[in-house]
Amino acid sequence: MQTIFVLIKTELGRAYEVADQAVETDRISEVYSVSGQYDLLFKCYLEDGSDIGHFVTDTIQRLPGVKDTFTVIAFKAFS
């Protein structure tokens with residue numbers, strides 16, 4: 001499994017609507033509201049070898065209300 005984090009900027013007033021849609025989407029495991037330049041943070045798990053770009057553009061960026069995204073690829077989790 002590959003883990004990515006995607007920061008989401010939504011259209012004004014639509015953060016909760018986008019979050020509600022995201023939690024119902026396969027491969028998006030956690031959704032957080034955040035402060036700063038972005039409104040939401042998605043934690044996503046993709047199968048090894050999955051095309052991250054297609055996942056982000058075809059799944060996340062097509063959610064109604066999503067205005068902009070910033071993707072971070074995680075290499076290792078420390079505990």
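For the structure itself, look to the data block above.
On a predicted model such as this, the values are computed, not experimentally measured, just so you know.

**Quick look at the pairing of strand E3 (residues 40–46)**
Here E3 lies mainly inside the structure; five of its seven residues are buried. Pairing of strand E1 (residues 2–10) with E3 involves seven bridges; the strand directions are antiparallel. In the strand pairing of E3, Ile-4 is matched with Cys-44. Examined bridge by bridge, strand E2 (residues 28–33) and E3 share five bridges and lie antiparallel to one another. From the neighbouring strand, Val-31 faces E3, where its bridge partner is Phe-42. If you look at the hairpin formed by E2 and E3, you'll find six residues sitting between the two strands, and Gly-36 has a positive phi there, around 110°.

**Some thoughts on the packing of aromatic side chains**
What the rule picks out here adds up to one aromatic pair. Here Tyr-38 and Phe-70 contribute two aromatic rings whose centre-to-centre distance is 6.4 Å and whose plane-to-plane angle is 40°, an arrangement assigned as tilted. Highlighted residues: Tyr-38 in the loop between E2 and E3 and Phe-70 in strand E4 (residues 66–74), separated in sequence by 32 residues. By relative accessible area, which is 44% here, Phe-70 ends up partly exposed. The ring of Tyr-38 has Lys-9 lying over it, and the distance from NZ or CZ to the ring centre is 5.3 Å.

Scoring rules and cut-offs
Residues numbered from 1 in each chain as written. Predicted model: local features only at pLDDT ≥ 70, side-chain atom pairs only at ≥ 80, totals over all residues. Heavy atoms only, no water. Buried < 20%, exposed > 50% of the residue type's maximum accessible area, 1.4 Å probe, protein only. Helix = DSSP H or I, 4+ residues; strand = E, 2+ residues; numbered from the N terminus. Pairing = 2+ DSSP bridges. Phe/Tyr/Trp six-rings, centres within 6.5 Å; stacked < 30°, edge-to-face > 60°. Lys NZ or Arg CZ within 6 Å of the ring centre and 35° of its normal.

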